[in-house]
Every structure is written in structure tokens, then in C-alpha cells.
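Residue-level listing of the chains:
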Amino acid sequence: MNKLIKRVSLMVLGLVFFAPACTDLEEELYSDVTADNFFTSDEEFVAALGQAYSSLLGIGNHSNLWSINEIASDELVITTKGGDWYDGGILLQLHQHEYTADNGFFNNTWGFCYSGVNTCNRLIYQFEQLGTEEADAFIAELRAVRALWYYWLLDAFGNVPLVTDFTDTETAGNSTRQQVFNFVESELNEIIPLLSEAKDASTYGRINKWGALAIRAKLYLNAEVYTGTARWADAEADADAIINSGLYSLESNYASNFQTDNAGSQENIFVVPYDQVFAQGFNWHQMTLHYGSQNTFNLQDQPWNGYATVEEFYNSYIDPSVNPGPQGDVYAGLAQATSIGTVDSRLSNFIVGPQFNPDGSRTEDAGVEPTDPDGAPLTFTPQHNSIFPDGFRQAGARIGKYEIALGSTPNLSNDFVIFRLGNILLTKAEADFRQGNTVDALAMVNQIRSRAGVAPFTSLDANNLLAEWGREMYAEMTRRQDLIRFGKFDDPWWEKGSSDSHYAVFPIPQVQLDANNKLKQNEGYN
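Owing to the predicted nature of the structure, the values given are computational and were not obtained by experimental measurement.

*Asks:* Looking at this model, I keep getting lost on the overall build of the chain. Mind explaining?
*Replies:* On a plain count of helices and strands, the chain comes out with 19 helices and eight strands. Relative to its full complement of 526 residues, the chain shows a buried share of 59%. Within the structure as shown, the chain displays about 19600 Å² of accessible surface, and the carbon and sulfur contribution to it stands at 50%.

*Asks:* Teacher, can you tell me more about the nonpolar core here?
*Replies:* A general feature of soluble globular proteins is that nonpolar side chains tend to end up buried together. Ranked by size, the top nonpolar core spans 145 residues in total, and within it I59, W66, F127, Y150, W152 and F416 carry the most contacts. Of all the elements, helix α6 (residues 133-157) adds the most residues to this core, at 17 residues. Residues in contact with W152, not counting those within four places in the same chain, are L56, I59, L65, I418 and M477.

*Asks:* How should I be thinking about the packing of helix α2 (residues 42-54) against α6 in this particular structure?
*Replies:* In the contact formed by α2 and α6, the axes pass within 10 Å of each other and the chain directions differ by 10°. Looking at the two axes, α2 sits roughly parallel to α6. Residues D42, F45, V46, L49, A52 and Y53 of α2 pack against E134, F138, E141, L142 and V145 of α6. Residue composition of the contact of α2 with α6, by class: eight nonpolar, no polar and three charged.

*Asks:* What is the right way to read unusual backbone geometry from this model?
*Replies:* Phi is mostly negative for residues that are not glycine, and the peptide bonds are mostly trans. Residues F388 and P389 are joined by a peptide bond in cis, for which omega reads 0°. Among the secondary structure elements, P389 is positioned in the loop between β6 (379-380) and β7 (398-399). The residue D87 is not glycine, and still its phi comes out positive at about 50°. Of note, D87 is situated in the loop between β1 (76-77) and α4 (90-96). Positive phi, normally seen in glycine, also occurs at E495, with a value near 60°. Along the chain, E495 falls in the loop between α18 (479-485) and α19 (510-515).

*Asks:* It is not clear to me how the pattern of salt bridges should be interpreted in this structure. Could you clarify?
*Replies:* Pairs can form between side chains of opposite charge whenever their charged atoms are close. Taken as a whole and judged by the stated rule, the model has 29 salt bridges. We note a salt bridge from E197 to K209, for which the minimum N-O separation is 3.2 Å. Taken together, the positions of E197 in the loop between α7 (177-191) and α8 (209-221) and K209 in helix α8 put the pair 12 residues apart, joining distant regions of the chain.

*Asks:* Help me out: how do you make sense of helix α16 (residues 438-452) in this one?
*Replies:* Along an α-helix, residues three or four positions apart point the same way, because every turn accommodates 3.6 residues. Compared with the 21 Å implied by 1.5 Å per residue over 15 residues, the 21 Å span of α16 between its first and last C-alpha is a close match. Listed in full, the buried residues belonging to α16 are A441, L442, M444, V445, N446, I448, R449, R451 and A452. Buried positions along α16 lie against β8 (416-420), α15 (421-434) and α17 (462-472). Just downstream of α16 lies G453, where phi reads positive at about 80°.

*Asks:* Looking at this structure, how should I read the side chain of Q481?
*Replies:* When you line up the elements, Q481 lands in helix α18. Looking at Q481, the relative accessible area reads 5%, which means it is buried. Once residues lying within four places of it in the same chain are set aside, the contact partners of Q481 are Y151, D155, K218, N222 and Y226.

*Asks:* For this particular structure, what's the right way to read the packing of aromatic side chains?
*Replies:* Given two aromatic rings, their pairing is described by the distance between the two centres and the angle made by the two planes. Inspection of every chain in the model, using the stated rule, returns 35 aromatic pairs. Taking 5.4 Å as the distance between ring centres and 10° as the angle between the ring planes, the aromatic pair formed by F127 and F138 counts as stacked. Note that F127 is positioned in helix α5 (residues 104-128) and F138 in helix α6, a separation of 11 residues in sequence. Both residues of the pair, F127 and F138, belong to the buried class. Through a chain of ring-to-ring contacts, three or more aromatic side chains come together here, namely Y99, F106, W110, Y114, Y150, F157, F183, Y503, F506 and Y525. It is R449 that lies over the ring of F457; its NZ or CZ is 4.0 Å from the centre. Its guanidinium or amino end placed over the ring of W469, R485 lies 5.4 Å from that ring's centre, counting from NZ or CZ.

*Asks:* Sorry, what's going on with the side chain of N121 here?
*Replies:* Positionally, N121 belongs in helix α5. Engagement of the side chain of N121 in a polar contact is seen with the side chain of R146, the distance being 2.7 Å. Contacts of N121, omitting those with residues within four sequence positions, involve R146, V163, T164 and F166.

*Asks:* Can you walk me through the packing of α2 against α5 in this structure?
*Replies:* In helix packing, the relevant descriptors are the interaxial angle and the interaxial distance, both defined with respect to the helix axes. At a minimum axis separation of 8 Å, α2 and α5 run at an interaxial angle of 155°. In terms of their interaxial angle, α2 and α5 are classed as roughly antiparallel. Where α2 crosses over α5, the two elements pack in a sense that is left-handed. Contacts between α2 and α5 involve F45, A48, Q51 and A52 on the former and, on the latter, T119, C120, R122, L123 and F127. Partitioned by chemical class, the residues of the contact of α2 with α5 number six nonpolar, two polar and one charged.

*Asks:* Just checking my understanding: could you explain α5 for this structure?
*Replies:* Under the 1.5 Å per step criterion, the end-to-end length of α5 is 36 Å for 25 residues, consistent within 8% with the ideal 36 Å. For α5, the buried fraction is high: 21 of the 25 residues fall into the buried class. Its side-chain oxygen at 3.0 Å from the backbone nitrogen of F105, N103 defines the N-terminal cap of α5.

*Asks:* Help me understand the pairing of strand β2 (residues 268-272), please; the structure alone is not making it clear to me.
*Replies:* Looking along a regular strand, one sees side chains alternate from face to face of the sheet. Judged by how many residues are buried, β2 sits mostly within the fold: five of five residues are covered. Bridge count between β2 and β8: four bridges; the pairing is antiparallel. Residue F270 lies in a different strand from β8, and its bridge partner there is F419.

*Asks:* Would you mind showing me how to read the confidence of the model for the chain here?
*Replies:* The predicted structure's coordinates, where accompanied by low pLDDT, should not be read in detail. Chain-level pLDDT for the chain is 91 on average; 88% of the residues reach the 70-or-more range. Here helix α14 (residues 337-340) stands out as the least confident element of the chain, with mean pLDDT 38; α8 is the most confident, with 99. Segment residues 15-31 is flagged for pLDDT under 50; beyond a separation of four residues in sequence, or across chains, it makes 45 contacts in the model. A low-confidence stretch, residues 323-341 (pLDDT under 50), is modelled with 33 contacts involving residues beyond four sequence positions or located in other chains.

Here is what the cut-offs are and how they apply
Here the residue index of a chain counts from 1 through its sequence in written order. Totals for whole chains, interfaces and linings use all residues, but because this is a predicted model, local features are given only for residues with pLDDT of at least 70 and pairs of side-chain atoms are given and counted only at 80 or more. Based on all heavy atoms of the structure, the side-chain values leave hydrogens and waters out of the count. Numbered from the N terminus, helices here are DSSP runs of H or I no shorter than four residues, and strands are runs of E no shorter than two. Burial classes follow relative accessibility: with a 1.4 Å probe on protein chains only, a residue under 20% of its type's maximum area counts as buried, one over 50% as exposed, and anything between as partly exposed. Using the Shrake-Rupley algorithm and a 1.4 Å probe, accessible areas are obtained, with residue cover drawn only from the displayed protein chains. Only buried Ala, Val, Leu, Ile, Met, Phe, Trp, Tyr and Cys residues count toward a nonpolar core, and they belong to the same one when joined by side-chain atoms within 4.5 Å. Here, residues are in contact when the closest pair of their heavy atoms is within 4.5 Å. Axis lines are fitted through C-alpha atoms, for helices just across the contact stretch, and the angle between N-to-C directions can take any value from 0 to 180 degrees. An angle below 35 degrees is treated as roughly parallel, one above 145 as roughly antiparallel, one from 65 to 115 as roughly perpendicular, and anything else as oblique. Only Asp, Glu, Lys and Arg are considered charged, only Ala, Val, Leu, Ile, Met, Phe, Trp, Tyr, Cys and Pro nonpolar, and every remaining residue, Gly among them, polar. Basic side-chain nitrogens of Lys or Arg form a salt bridge, by our definition, when they fall within 4 Å of a carboxyl oxygen of Asp or Glu. A helix is expected to span 1.5 Å multiplied by its residue count minus one. Classification of ring pairs uses Phe, Tyr and Trp, with its six-membered ring standing for Trp, and accepts pairs whose centres are within 6.5 Å; under 30 degrees between planes counts as stacked, over 60 as edge-to-face, and the remaining range as tilted. Geometrically, a charge over a ring is one whose NZ (Lys) or CZ (Arg) sits within 6 Å of the ring centre while staying within 35 degrees of the ring normal. Contacts described as polar in this section are N or O atom pairs within 3.5 Å, which, within protein, must combine one atom able to donate a hydrogen with one able to accept it, while residues neighboring in sequence count only if both atoms come from side chains. Throughout, a crossing is termed right-handed when the near helix is turned clockwise from the far one, and left-handed when it is turned anticlockwise from it by less than a right angle. Two strands are said to pair when DSSP picks up at least two bridges between them. Per residue, pLDDT measures the predictor's confidence, with a range of 0 to 100.

This is how it looks when you write it as C-alpha cells:
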């Protein structure tokens, strides 16, 4: 059944019709819009709609929106390993909050997001020419997708141009963060009542009413950061609407939300459907695994040995009362469950410990300097020795959140989760907590902890609430905004000192400033 859902989703969304990448905010696409190619059949409608969703496929890629959010947080790091991964220092800058406008990751992200905006604008214009009720339904959905792009732009860059008219050829300057917030809110307010309430194969991988409510709930949760005015009650109301719909429930097994065939998850609200053949681009296993892991998982291409977890973040999952011993033993994590009692099942987020080939033999690290102290047998340990210049090749728990199927190509078939119920439950919990309703907030957080197999909290404060956000939402592109919302983004963490508050908003990319003299740089950047 799950495979059927995914096949239907790929066909309905027309994901094989990839939209071309676009980094030019003002690119003109009039040659693509003529009376001859306006949509005339249901098949053409859904194929065109699929272009808006296919733009999302880049979200699982290196050096894009996901990367800047994760590396700039206390979750992930890419250490320099001799001659590997220095890349002109841009990865160190992200982690240590010393980034500048010429960091190419920012321009990649800007282009990724505005490519999505431009595609939505073009399709909305085309559908508007039809003037039919059927077209109006597609327009509402396209506006929801565009609102998601602008939510991400608002969160990352703050004062971004608002471009919504496909026929407008004027170069746009910055809008204020408040203006962009108001636009996203207004769009969602108008289109949520028009979106489908169905949760089935026809809406899988598409933004239905519940997906749009999730966007708005997260917009309101972070409203005080974006606008200076808290909207906790509004965040709670949208979270309640999703929860009370009864359409979504926590999976009993946390990891099942991220398995190779995760189309049947009852928790996932909105996903980007990936497929190793027809919808490529999800390559976390390439980004995080060691070169030798090609043998461990019988991968068709060699991984890059890059992204790894910050040790302190990994250790936040380990209850010190049941930690069995010295530093070198902590990586056993999930495997210790039967011997030491309560262990957080969300340790499935990580790949740690000795690595073995499918035939049971030890995976080897046939590497060069810097040599890991535990020798050639490949063993991922949470500890990092250094961020630069000679980080150990085997250091750091690797990203294991999404199942890596044996024999995988460079592209995974797991669907990438954008919103799920776990996120929404924590959104409601925090909204309650911020309004002083700690009883309900505690109950909600303990619902999450119960699924993880760990002891309930007896009380709730800002510190353990933020820590629970981290454990539940690891690598789901929320950690940076959570740290900002809790006032912790400027704090020191491993290989990062205290940083200036202006780093909470990324710089407008220098490439965009050079191309558009109406753009102004964000405060704090030269």
C-alpha cells in the first residue's frame, strides 16, 4: 500500500517534469507562457502543478537551505580533515558564526528559494488566465507552496524582496521582515479554507489544509523573532486544529517516519517525495558517511565523509544516570538498551560505533594522516579532536536519521519530512508553556518522551523544553530557529565562542547585491 501511495504521488505531482534551476530573481519566462500552452486537461493541470513541487527536490542537497540551517547550529559540523573539507573556510565560518555575504552557500539557498517562488508565480499567472473554479483550486495550492518558500526566506534572510506578479518586470528591492511576515500570514489566511482536507494518496506530497496550518503554526511560533510581537495563542490554535483533526498520530516507532518506504507514516504531514530514479537529489548518506562506509552499506558510490554530529548534542540523548562508563563507551547508545535500561530510542538518529561489512567483517579505513587513534578499523565515536586543520576521519556520530538501504545509489528513495505531528505537538507544548500553561505543556512533552521510551519530565522549564526540541527534531531544519527563539543562538558551543546577535539573520548574498542595486545588506554585515 505504501508503495502505491508513493507511485500515485509521483504521477499526480508530475515530479518527472523537473523545473529548471533559477538563481535570477527577475528571470523572464514569457516565452514559456502562450495561449497555445495554457492547460486544457486534468493531466496538464496536475503536470503543471508538479513543477511547483519538483522545485523542492533540492532541499536534501549539500550547500543549500538545509545545510546553512544545520551547520550554523549546535547540531552538525563538518570538520577539516587534512586536505578534505576546508573549502576556503566557508564551512568553519558557518559553524563558528563568522560568515560573510560571499559564502556561496547563501547564494545557493537564495537561488533555490527564489527558483521556487518564480515557478509558483508563473504557474499562478497561467492558471489565472483560465478563470475557472478548477483553476482557482490549483491557484490556492500554489499560493500555499509559495508561502512556504517565503516562510523559509523570511526565516533565513529576513528582509527579502516580495515578488508575486509574474508580469512585473521591475527589479524589486528589500521588503522588511514585518512585510514579508504579513504577506505569508495573509496568503495562508486566505487559502487555508480553500485547500483540501483529504489525507490520502491524492494529497500525499502536496500541501493540503493541514500542511498549510503547519506552516502558519510555525510562522506564529517564531513571530516574536520575526516581528517583535509574540503570537503564542495563534500558534496553539493552529497546532490544535491539526491535532484535533484526528488524521495524524504519532508512530509507535520514531524511526519508521524516516525509513526507506515511509509513505505510510501516520505522523508525516507534508513530505517531499524522493525516488532514486524518478525524483533524485536526496543524498545525506553521501554527505555524512565515511569513505569506507561504501563497503558497510554496499553503496554504489563512495561517500564524502563530511557532516557529523557535535559531541555535546549527541550526548544530550544519554541519561547520565545510566551511562555505563568512560568516554569511549558512550557511543554504544542504542545497543545498550537491554543492559542498562532506559535508553532514548531516538538514538536511531545516529550511526555510531564499530562498522561492519554485510559479510560480518570489520569495515576498514584505508586512510592517510590524520590517523585516528583507534586505528584502521572504522569506528564512529561521538568525540571530535579538532575542527581544523586535522579532524580525525572517523570522528563524530554520523546522520542515521533516514534509513540507508543496502546497495543504495547516490540518491535515496526516502521521502523527506518537512512537517510531522511530533513537530506540531512540541509547537503546542511551547505555545502553552509561553502562556503559562505548564501543566498541559508538560503533558504534551511527555507524550513525545513516552514514544521515545524515556522517563517523563516531572517539571518543565525553558532548558529542558529546548533540549527536547533538539532530541526530537534532530536534523529536521528547526534547530537554528529554536536556538534563536530561546535566546541561545549567540551562546558558545564546541569550537564556537559567543557570537554577535546579527548572525541570527543570514546576509543577503553578495552576488545578489552586485546584480541588484535596489537590495540593501542586512544589519551587521559589511
